[in-house]
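Below are the chains, spelled out letter by letter.
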Amino acid sequence: DGRSAFAGHGFQVHVGHNKPKSRGSVTIQSADPSVAPKILFNYLQHQDDIEGFRACVRLTREIIEQSAFDEYRDDEIQPGKEIQTDEQIDAFVRQSVESAYHPSCSCKMGEDDMAVVNSHTQVRGLKGLRVVDSSIFPTIPNGNLNAPTIMVAEKAADLILGKSILPQSKVEVVIANDWQSEQRISKI
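Let me begin by describing the structure that accompanies this report. Since we're looking at a predicted model, the values are computed, not measured.

## Here's the deal with the overall build of the chain
- Scanning the chain from N- to C-terminus turns up three helices and two strands.
- Each helix and strand of the chain, ordered N terminal to C terminal, gives the series β-β-α-α-α.
- A compact globule built from 188 residues would reach a C-alpha radius of gyration of about 16 Å, whereas the chain, at 21 Å, exceeds it by more than 25%.
- Taking the principal axes of the C-alpha coordinates as reference, the chain spans close to 60 × 45 × 30 Å.
- Every one of the 188 residues in the chain was classed for burial, and the buried ones make up 21%.
- Sequence separation of 24 or more characterises 49% of the internal contacts of the chain that already satisfy a separation of 6 or more.
- Approximately 14,500 Å² of the chain is accessible, and the part contributed by carbon and sulfur atoms is 54%.
- Once the 20 positive and 26 negative side-chain charges of the chain are each reduced to a mean point, those two points are 8 Å apart.

## Overview of the packing of aromatic side chains
- In total, this model carries two aromatic pairs according to the counting rule given.
- When the centroid spacing of 5.2 Å and the interplanar angle of 5° are considered together, the rings of F41 and Y43 count as stacked.

## With respect to a nonpolar patch on the surface
- The grouping of F11, V13, V15 and Y72 at the surface amounts to a nonpolar patch, some 380 Å² of accessible area in total.
- Within the secondary structure, V15 sits in the segment before strand 1 (25–27).

## Looking at unusual backbone geometry
- The peptide bond linking Q78 to P79 adopts the cis configuration, its omega dihedral lying at 0°.
- For P79, the location among the structural elements is in the loop between helix 1 (47–64) and helix 2 (86–96).
- A positive phi angle is found at K19, which is not glycine, with a value near 60°.
- Tracing the backbone through its elements, the reader meets K19 in the segment before strand 1.
- Phi at L44 is positive, roughly 60°, even though this residue is not glycine.

## Focus on the pattern of salt bridges
- Using the criterion set out here, one finds ten salt bridges in the structure.
- Between E65 and R73 there is a salt bridge, with its nearest N and O atoms 3.9 Å apart.
- Between D158 and K163 there is a salt bridge, with the nearest N and O atoms lying 3.9 Å from each other.
- Put simply, R54, R58, D86 and D90 are held in one network by salt bridges that share partners.

## Looking at helix 1
- Across its 18 residues, helix 1 extends 26 Å between first and last C-alpha, which sits within 8% of the 26 Å expected from 1.5 Å per residue.
- Along helix 1, the residues classified as buried are D49, I50, G52, F53, R54, C56, V57, T60, R61 and I64.
- Taken together, the buried residues of helix 1 touch helix 2.

## Let's talk about helix 3 (residues 146–161)
- Given a rise of 1.5 Å per residue, 16 residues ought to cover 22 Å, and the 23 Å separating the end C-alpha atoms of helix 3 matches this to within 8%.
- Among all positions of helix 3, only P148, V152, A156 and L159 are buried. Down the axis of helix 3, the sector holding all buried residues measures 75°, keeping them to one side. In helix 3, the exposed positions angled more than 90 degrees off the buried face are occupied by M151, E154 and L161.
- Of the residues flanking the end of helix 3, it is G162, one or two places downstream, whose phi is positive at about 75°.

The rules behind these values
Each chain has its residues counted from 1, running along the sequence as written. Given that this is a predicted model, residues contribute local features only at a pLDDT of at least 70 and side-chain atom pairs are listed and counted only at 80 or more, while totals for whole chains, interfaces and linings are drawn from all residues. Based on all heavy atoms of the structure, the side-chain values leave hydrogens and waters out of the count. Helix and strand definitions follow DSSP, with helices as H or I runs of at least four residues and strands as E runs of at least two, each counted in order from the N terminus. Just to be clear, the radius of gyration here is over C-alpha atoms, and the globule rule we use is 2.2 Å times residues to the power 0.38. Throughout, exposure labels follow a simple rule: accessible area from a 1.4 Å probe, protein chains only, divided by the maximum for the residue type, with under 20% read as buried, over 50% as exposed, and the rest as partly exposed. Any pair of residues with heavy atoms lying within 4.5 Å of one another is described as a contacting pair. The Shrake-Rupley method, run with a 1.4 Å probe sphere, supplies the accessible areas, and residue values consider only the shown protein chains as cover. His residues and chain termini do not enter the charge count, which takes Lys and Arg as positive and Asp and Glu as negative. In plain terms, the charge of a residue is placed at NZ if it is Lys, CZ if Arg, CG if Asp and CD if Glu. Ring geometry is summarised as follows: Phe, Tyr and Trp rings, the Trp one being its six-membered ring, pair when their centres sit within 6.5 Å, and such pairs are stacked at plane angles under 30 degrees, edge-to-face over 60 and tilted between the two. Exposure above 30% relative accessible area and no salt bridge define the residues that can form patches, which grow by joining like charges within 9 Å and nonpolar side chains of Val, Leu, Ile, Met, Phe, Trp and Tyr within 5 Å. The salt bridge criterion pairs a side-chain nitrogen of Lys or Arg with a carboxyl oxygen of Asp or Glu, the two atoms within 4 Å. Here the expected length of a helix is defined as 1.5 Å per residue gap, with one fewer gap than residues. Here the arc refers to the set of directions running from the helix axis out to each C-beta atom.

Here it is as structure tokens:
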């Protein structure tokens, strides 16, 4: 989070593995509302997430080693050039991983038995209560939660105001076949 200062100038890159498969939980500890819930992020419990973060560290290093950064780059502070093996990178990630203030999906939206809120953001089984934030996402978006959370809030506002629902549109999602190698200087 940038709170660990060092002497001199520098820049930092924050990376995150998109679409993690590890799942945590939020558990009520007491009927007393002043007692905080138990929050278990449960990071890195799925092997794909461990491999994904490892790839993030390696890709970030590859990007920062490009000539465009030559005049800005000095020694790597974290994890440090000496951290190279899978095991070393995994240990660094385990020590450093954090939510970056973006937890989500703890209060799933949907119409199935696992859903907490319905498609109108209403808490199932209660009248007059809605949840309108990133906790209602059924899956984690590919990126920062700010824009999708704003979209959910705008949609919920329309629902609450009784505005007509726009017709559904079918938008094709395209992923380029060569996305892993096309923009690299040294093709992998």
